[in-house]
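# Working through the structure, step by step
Here is what each chain is made of, one letter per residue.
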Amino acid sequence: MKRETLCVQAGWEPKNGDPRVLPIIQSTTFKYDNSEEMAMLFDLKKEGYFYTRLQNPTNDAVAKKIAALEGGIGAMLTSSGQAANFYAVFNICEAGGHIVASTEIYGGTYNLFNVTMRKLGIECTFIDPHATEEEIQNAFQPNTKVLFGETISNPGCDVLDIEKFARIAHRNGVPLMIDNTFATPINCRPFEWGADIVTHSTTKYMDGHATQVGGVIVDSGNFDWNAHAEKFPGLCTPDESYHGLTYTQSFGKMGYLTKLIAQLMRDLGSIPAPQNSFLLNLGLETLHLRMPQHCKNAQAVAEFLHQDERVAWVKYCGLKDDANYALGQKYLPNGSCGVLAFGLKGTRDTAIKFMDSLKLVNIVTHVADARTCVLHPASHTHRQLTDEQLREAGIAPDLIRLSVGIEASEDIIDDLNQALNQL
């Protein structure tokens, strides 16, 4: 089925007499008639529901829909996008392991890799995504487990050369993991370009209405873990906490996802509430309608800002003179997203005064919403980073992140213009 149909139809397939709308199964537990059935579930010898921390019918239906949209073999929902990135990496990278990651990623993910995961004994080397293959290759070590990047970086709006990254990752026997939050599977499916694992903050465009916080991990099923078994003992050697089963042997292509659910979710428990998954599903049903409008509006806003003499620079891959235009045309020919970055002539205070003068556009710690919103990353989401780290992450002190919504583009531009007139 086409992606438009999958947005509406995938995941929940009601049987005769079932509710047509995905039901909210707001229950922690599920009943069984005898002890043996329950024991088989705990031993992973039988499929079924027994405790919502591990699996829930509402959550699973939404995960199935997202997997279908991305073209993966399966997915697991988490309670946030941060949890999704942590779980996705930690599932294959334990103490003593090493990550190679693009510098141009969300500040929370940068901090996760650079600070928190180092405390767990996992090192990370950050690389410029626009560096040559040889320069990126130099970052790899014998203990490297994964290469990580974002399709469209948050907040810098750079487009990743996915094929180049996939080529480098596979040459080193590791998977390529892509955060596809901004592009969504409507505008880019990284698996089609060689990526192996995709993550999302479902809080963003997939929800689209700022009603729930969530994340998802999708597996392509394409990476051959057994071909590099020495790198991934957690998947390719016996797990004593499950009577010595080996995930890749027992579950084949579903080994990575099964370990995510049966081991990490069992022990760490960052699950979404079924109510949140229900709300996420409502957002997914209109994702294919909203994304073209976000892109259309963002293009109009980018062109307005680009020609305004009070604006120092604009970064949006839909602009023909943008440094990422060629990559955007390759990976995102139908549009990128509604997020753009720009800077004003003046100081950091100029950016603050501009944002404080906006009326329709709101200052919020959010992005990728139906409503247009704005943020100054250096003062807000990325304020924990030093100026040097900001520059490494592609974030200038004057960078304003504008998330263009689905209102009338004329009204958005009018509000921007009146705020610029206050400077």
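Everything discussed here concerns the structure shown above.
Definitions and cut-offs
Along each chain, residues carry numbers from 1 onward, in the same order as the chain's sequence is written. The predicted nature of this model means local features are confined to residues of pLDDT at least 70 and side-chain atom pairs, given and counted, to a pLDDT of 80 or more, with totals for whole chains, interfaces and linings taken over all residues. With hydrogens and water set aside, each side-chain value is computed from the structure's full complement of heavy atoms. Only strands that DSSP links by at least two bridges are regarded as paired with each other. Numbering of helices and strands runs from the N terminus; a helix is a DSSP stretch of H or I covering at least four residues, while a strand is a stretch of E covering at least two. Note on geometry: axes are C-alpha line fits, over the in-contact stretch for helices, and angles between N-to-C directions span 0 to 180 degrees. Note: crossing handedness is left-handed where the near helix turns anticlockwise from the far helix by less than a right angle, and right-handed where it turns clockwise. Residues count as neighbours in contact if any of their non-hydrogen atoms are within 4.5 Å of one another. Each residue is assigned to one of three groups, with Ala, Val, Leu, Ile, Met, Phe, Trp, Tyr, Cys and Pro labelled nonpolar, Asp, Glu, Lys and Arg labelled charged, and all others, Gly among them, labelled polar. For the exposure calls, accessible area comes from a 1.4 Å probe over protein chains only, and a residue counts as buried if that area is under 20% of its type's maximum, exposed if over 50%, partly exposed in between. Definitions used throughout: a 1 Å grid over protein atoms alone; a cavity as a set of points that fits a 1.4 Å probe which cannot get out; a pocket as an open set with protein on both sides within 12 Å along at least five of seven lines; a lining residue as one with an atom within 4 Å of a point. Grid points are joined across faces, edges and corners, and a volume is the space filled by probe spheres set on the points. Stacked, edge-to-face and tilted are the three classes for Phe, Tyr and Trp ring pairs, Trp counted by its six-membered ring, which pair at centre distances within 6.5 Å; planes under 30 degrees apart are stacked, over 60 edge-to-face, the rest tilted.

## Observations regarding the sheet that holds strand β2 (residues 98–102)
Taken in spatial order, the 7 strands of this open sheet run β1-β7-β6-β5-β4-β2-β3, and their pairing is mixed. Two strands in the sheet have a free side with no partner beyond their single neighbour: β1 (74–78) and β3 (123–127). Between one strand and the next, the sheet's axes are offset by a mean angle of 20°, whatever the strand orientation. Of the pairings in the sheet, the one linking strand β6 (residues 197–201) to strand β7 (residues 215–219) comprises 5 bridges and is antiparallel in character. Opposite Ser201, over in β7, you have Gly215 as the bridge partner.

## Describing the packing of helix α4 (residues 81–90) against helix α11 (residues 255–268)
At a minimum axis distance of 10 Å, the contact between α4 and α11 shows a crossing angle of 115°. Along this stretch, α4 crosses α11, giving a crossing that reads as right-handed. Across from Phe86, Tyr87, Ala88 and Phe90 in α4, the residues of α11 making contact are Tyr256, Leu260, Leu264, Met265 and Leu268. Of the residues belonging to the contact of α4 with α11, the class tally is 9 nonpolar, no polar and no charged.

## Observations concerning the environment of Ile24
Structurally, Ile24 is set in the loop between α1 (3–9) and α2 (35–42). Classification of Ile24 as partly exposed rests on a relative accessible area of 31%. Sequence-wise, Ile24 and Asn59 are 35 residues apart; in three dimensions their C-alpha atoms are separated by 8.9 Å. Those residues within four positions of Ile24 in sequence are excluded, and the remaining contacts are Thr58, Pro274, Gln275 and Phe278.

## Some details on the sheet that holds strand β12 (residues 400–403)
Strands sit in the order β8-β9-β12-β11-β10 across an open sheet of 5 strands; the sheet is mixed. Every interior strand has two partners, whereas the edge strands, β8 (311–315) and β10 (362–363), have only one. Contacting β9 (339–344), β10, β11 (373–375) and β12, helix α15 (residues 348–356) crosses the sheet at an angle of about 125° to β9.

## Description of the side chain of Ser201
Structurally, Ser201 can be placed in strand β6. When sequence neighbours within four positions are dropped, the list of residues in contact with Ser201 reads Gly81, Thr181, Gly214 and Gly215.

## Thoughts on the layout of surface pockets
Here the idea is plain: a probe the size of a water molecule rolls over the atoms and shows the empty space left. Put simply, the largest pocket is a space of about 830 Å³. What lines the largest pocket is a set of 33 residues, among which Glu47, Gln55, Asp60, Met254 and Ile261 lie closest to the centre. Of all the secondary structure elements, the ones that give two or more residues to the lining of the largest pocket are α3 (57–70), β1 and α11. Top contributing element to the lining of the largest pocket by residue count: α3, with 6 residues. Here the residues of the lining of the largest pocket are counted per class, giving 20 nonpolar, 8 polar and 5 charged. Here the second largest pocket defines a volume of roughly 380 Å³. Looking at the second largest pocket, it is lined by 21 residues, and the ones nearest its centre are Tyr106, Asn154, Ser201, Lys204 and Val367.

## Some details on the packing of aromatic side chains
Within this structure, the stated rule accounts for 12 aromatic pairs. Ring geometry for Trp225 versus Phe232: centroids 5.0 Å apart, planes at 85°, classification edge-to-face. You'll find Trp225 and Phe232 in the same group, each marked buried. A connected cluster of aromatic rings, assembled from ring pairs, spans Phe223, Trp225, Phe232 and Tyr256.

## Here's the deal with helix α7 (residues 162–171)
Listing the buried residues of α7 in full gives Ile162, Lys164, Phe165, Ala166, Ile168 and Ala169. Those residues of α7 hidden inside the fold are in contact with β2, β3, α6 (133–137), β4 (144–150), β5 (176–179) and α14 (325–331). Phi turns positive one or two residues past the end of α7, at Gly173, with a value near 70°.

## Observations concerning unusual backbone geometry
Pro155 follows Asn154 through a cis peptide bond whose omega is 10°. When you line up the elements, Pro155 lands in the loop between β4 and α7. Positive phi values are uncommon outside glycine, yet Thr184 reaches one of about 60°. For Thr184, a relative accessible area of 0% translates into the label buried. Notably, Ala210 is not glycine yet its phi reads approximately 55°, a positive angle.

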